[in-house]
Structures are given as structure tokens and as C-alpha cells.
Amino acid sequence: MKHTETITAGMRMAALPLAGAAIAACSADKAPRHPNIIIMMTDDHTTQAMSCYGSPLLETPNLDRLADEGMLFENCYVPNAISGPSRACILTGKYSHANGFTDNSRTFDGSQQTFPKLLHDAGYQTAMIGKWHLNSDPEGFDFWSILIGQGEYYAPRFIENGEERTEQGYVTDIITDKAIGFLENRDKSRPFAMLYYHKAPHRNWMPAQRHLGIFDRTVFPEPENLLDDYTGRGSAARGQAMEIGRDMWPEWDLKLLSGEALAGDFAMVETGDPNKDDVSRANDWLSSVRQYQAAYNRMTDEEKARWNATYAPRIAEYEKMKDTATPEEMTRWKYQQYMRDYCAVIRGVDENVGRLMDYLESIGELDNTIIVYTSDQGFFLGEHGWFDKRFMYEECQRTPLLVRYPRAVKAGVRSSALAMNIDFAPTMLDFAGVEIPADIQGRSLRPVLTSATGAAPEQWRDAVYYHYYEYPSWHSVKRHYGIRTEDYKLIHFYNDVDEWELYDMRRDPHEMRNVYDDPAYADIRSDMHARLERLQQECGDNDPCEREYEFFRGADNL
Ligand code: SGN
Ligand code: CA
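What follows concerns the confidence of the model for the chain. Across the chain, pLDDT averages 93, with 92% of residues at or above 70. In this model residues 1-17 is a low-confidence stretch, pLDDT under 50, and it forms 24 contacts with partners more than four residues away in sequence or in other chains. Under a pLDDT of 50 for its full length, residues 19-28 has, in the predicted model, 16 contacts with residues more than four places off or in other chains.

This is how it looks when you write it as C-alpha cells:
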């Protein structure tokens, strides 16, 4: 572990001009020069599970409050829908090919420019708390406390300023406690910038004790395409391994293992067995069971008892139907269980966002703070029959974005501007009065945020770029890149295939009909190709199908 950065006397001196500035010096759009900044990020929380985005699944009152008192972005996109890469895009304001962190197996080059470093140099007090997932230690933070790898829901382990420690309790609560702790102990004469990054609601969706079973009587509406058969789509959609019906692990994902079984021992099968396929299948199953057992064993006896009582009826129901249910019935049943856990985990996020806002209010800093709520990418909640993300399809390319900052952002505005998460870095620098370096590829959203309607200014982007690399790997989503404009989406799947897809997003918002070979779309297709090439040149992704691309280096992080 590298040593954490400490605040030197020199830094404090350099910071002095900012003292008290958070409540003074208004610029033309009435924003003070040095607002506090909190980026709240969750992991795999998608807009389909936020009531402010019209979700029919659950209520998220505290997130809705952020939307009601700030701006909601209808069209914020990620350049690469997976954790580490998305985090690197946010930190650097650059696409994956430019910041080097293309897939979860990479190690982030922490020596490069990031917006927290630039804020720190400008006198901000900086903190990183929660899921980091970039393999190297955070740099540019006065305080950091990060989960190890993906992190654990119960009794999670952290590395805090270089030291490992285990905290008792539930991860979403603990990350909030740490965030409040940082704010309480900060140097109050300076503005702060805090990355408050949750593990929740990442797989395997383990709710807090107080939220166990809260949705067990809810029947969630199914997405129209839950039973999608991929007609008219290519080999990427067919070849994935993220179907709720087929690919969810009964134990790890759906908690279908009794307390009695969990108390037992699951030894891996020796590889000397003559039937290797059976052995490797058995070991796949065993590793998922052991993974669940390890997560379960982080709970106290009392917590385990409550857990077991919650899931026992689900296990009994499964046992009754598992041999007779049709595949469709099984998918539909699993979808309900998936939503019960996922939404219960979101409840924990929503409550904690409320708790942090209440704390900011109690110390008089709520309105001095730019609060951003986002996720590292969207997620499939049964659309196309899937869980997970990775595809350039709408449910996960699109990510939530709420920004509350009453000093400059009008309340209750919904923006349709095309935004990207590489815009966050320049936006924060802009509000903080720090010069935006020329090599940052995102654009400041400040003009959008300070407009009364959330409209994009003249000369705004009219398309977003996407490039996903992590294949072969988890969930078998093929490498692809593409462009999304307001009306269309063009995708190229490459590497072990060479297939194009074109979607008419107005007529076919769920991306069910690939019109790439439809003669009616010939002109649009060639226009989209030209726009894609132009965008690739502009952002410097000049060799997108690079065959030499090396994967699986340092794969511990996946
Ligand atoms: C883990 C999950 C995958 C998930 C990746 C990446 N498997 O490997 O389902 O796609 O993380 O997620 S699990 O068995 O560990 O749950 S990411 O959000 O970190 O990119
Ligand atoms: Ca994620």
C-alpha cells in the first residue's frame, strides 16, 4: 500500500484564500466561487428503480427530494457501462481509451490528473469513502476509506488511509457514518469535496436487517420484454450469460440455501475425477455456494437468525415448484425475488442519502454543497430477460443524474441535454473556480445546470460515444462500440464477431428490432456511420477493433 497523502502546512497556507469563500463571492449565475461538493454514487442503481424517473417498482423519497430541489437529467450516458472503467471516466473526465482503465482487470494509473487532485491543489479538502474498485490506492485525497475490491454487505473490510480494518454493521450505513465522520472532523475553514460511493445495490443484493422481507408481499410489474427471445438481434444478445432464468445462481443471487445448509461444509471436488465436465460444473456450483456462505458468515448470529427466517418461506416455495415450473414460470418467479432484494437494498441507499442530507442541513452546509447523485452505470431489471449491465443498450448505457445546488440550479427542472459522466470532472472544476485542463474530454454542465429549463447551450454535443472491452469475461458480453444520437443508436460488435446493429430509439425504445439491414433506414445508417467515425476521431479512439488487446491481467479485481 502506498502512503496516504497528508495535509502539509504548505497546503494549508495555499488554501487560505478560500477560507469562508463558500458563503461569499457570487459569480454571474449566483453560485459562490467555492461550493462544497459531494458526489453520491451507487453501484448498479438504474433509473428504472427511482421514483423520480417514473419507476413503478418502489418509492425513493430522498432521491426524489434531490430531484425536486434540483435538476434531473433524462439523458446522462456512460462511455463504458462497467464499474472500474466508469469510475476512471468520472475521476479523469476522459474516455476509457484515454485514461487507460478499459476493463475491471486493469490497474488505475493513479499518477494521472484527476479532478479531486485538482480540487485538492486549489485548497479543497478531499475525501474518498466507499467502493473505489480501481486496484491502485486513491491519490489526491486527505482522507480515504475504501472497500476492498467489490466490498462486502455485512461487516465490510476497508482500507483506511492505508490500514485495513473491519467495521461491524451494514455497508451502506457504515459508509454514511464515515462520510459524516469526515465532515465532522474536517477543517471548517475550507470547502470540501467528498466522493461518497456505495457498494449497494451491487450483486448479490443483500438487504440491511431492518429491510429484510419488506417487499415480500409486493408483486412487481414485469418489463414487457422479460421473456425476450432475441429475434432480430445478433449473436451478442444471444451469446450473453446474464439471463435471470438461466444464469442467476439460486444460492448467491436468490438466497435459496437454508441456514442449516449454510452452517455445513462445502468442499470442492477433487480434479482427479475422470468426468472433468461434471467436476467443473460441480465446482462452479460449489464456488457460488461458498461465496454465499462467506458473505453470510460475516453476519452475527442474531443477524443470521433473522436472515434465515426471512428466506425460509422463499426456499420452501422454490422447493415446491422447481421440478414442475416451466422455464417461463421460473424466470418470472426469479424476477420477483430479484426485485424484492434489489429494491430492499435501494431502500437502504435512499434512507442514507436522506440521513446525509439531514446532517448537512444540521450543520448549515446543505445549500452550500453541490450534491450529485449518480450510479456507475445503469442496470437491467429484467429487460431482455437480463440482470447485469455492459451492453450499450439503453437500460445500462443510461445512468441516473440528479444535481442539487440551490445557489445556482433551479429546483424541479428536468433536463434533456445529452450529458455524460466524463462531464462531471469539468463541471465540478468549473463551479469550484478551477481552470479546466485542455485535455479533459468531457464538457462542463454548468451552462445546462444554470439555465432555467435545463436546455443545452448552442454548440452542445449531439451524440454520445460508447466502447465496452471486457470480453471474454463475466456474463460474456462481446466487445462493442457505438454512437447514440437523440433518435438512433448504431453499435458494432467486434473481436470474435463482426456485426452491426441499428435502433430507431423513437419507435423502438426497448431496442427489440435491429434495422441495420432494413432498406428504409439506408440513409440513416450511412449518416450514423459517418457520425460514428467523426466522433471516434474527435475523441481519439482511432483503432477501436485492436486485436492485440490484452485482457485478464490482474484479474483479481473482476
Ligand atoms: C462481480 C459480479 C458480476 C458483475 C461484476 C462486475 N459477480 O464479478 O455479476 O458483473 O462483479 O460488476 S459476483 O458473483 O461477484 O456477484 S461491477 O459493477 O463491479 O463492474
Ligand atoms: Ca457497477
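Let us keep going from here.
With that settled, consider the packing of aromatic side chains. Taken as a whole and assessed by the stated rule, the structure comprises 28 aromatic pairs. For the pair Phe215 and Phe220, a centre-to-centre distance of 5.8 Å together with 55 degrees between the ring planes defines the contact as tilted. Accessibility assignment for this pair places Phe215 and Phe220 in one class, buried. Relative to Tyr516, the ring of Trp500 has its centre 6.0 Å away and its plane inclined at 10 degrees; by these criteria the two rings are stacked. With a gap of 16 residues between them, Trp500 in strand E16 (residues 499-504) and Tyr516 in the loop between E16 and helix H16 (522-539) connect regions that are remote in the sequence. Classification of Tyr516 by relative accessible area gives buried; the value is 11%. Members of the aromatic cluster, connected to one another through ring pairs, are Tyr230, Phe380, Trp386, Phe391, Tyr393, Phe493 and Tyr503. One cation-aromatic arrangement involves Arg525 over Tyr516; the distance from NZ or CZ to the ring centre is 3.9 Å.

Locating Glu69 in the fold gives a position in the loop between helix H2 (61-68) and strand E2 (71-73). Sequence-distant contacts of Glu69, that is, excluding residues within four places in its chain, are made with Arg404, Ala411 and Gly412. Within polar-contact distance, the side chain of Glu69 engages the side chain of Arg404 at 2.7 Å.

With that out of the way, let us pick up unusual backbone geometry. Each neighbour pair has its own omega, and for Arg203 with Asn204 the value is 15 degrees, a cis peptide bond. The phi dihedral of Tyr230 falls on the positive side, at around 70 degrees, and the residue is not glycine. By the element assignment, Tyr230 lies in the loop between strand E8 (192-197) and helix H7 (235-239). Among the residues examined, Tyr230 registers a relative accessible area of 7% and is labelled buried. Not every positive phi belongs to a glycine, and Ser476 is a case in point at roughly 50 degrees. Here Ser476 is to be found in the loop between strand E13 (463-468) and strand E14 (480-485).

About the criteria used
- Residues numbered from 1 in each chain as written.
- Chains lettered and ligands numbered in written order.
- Predicted model: local features only at pLDDT ≥ 70, side-chain atom pairs only at ≥ 80, totals over all residues.
- Heavy atoms only, no water.
- pLDDT = per-residue confidence, 0-100.
- Contact = heavy atoms within 4.5 Å.
- Phe/Tyr/Trp six-rings, centres within 6.5 Å; stacked < 30°, edge-to-face > 60°.
- Buried < 20%, exposed > 50% of the residue type's maximum accessible area, 1.4 Å probe, protein only.
- Helix = DSSP H or I, 4+ residues; strand = E, 2+ residues; numbered from the N terminus.
- Lys NZ or Arg CZ within 6 Å of the ring centre and 35° of its normal.
- Polar contact = N/O pair within 3.5 Å; in protein donor to acceptor, adjacent residues only side chain to side chain.

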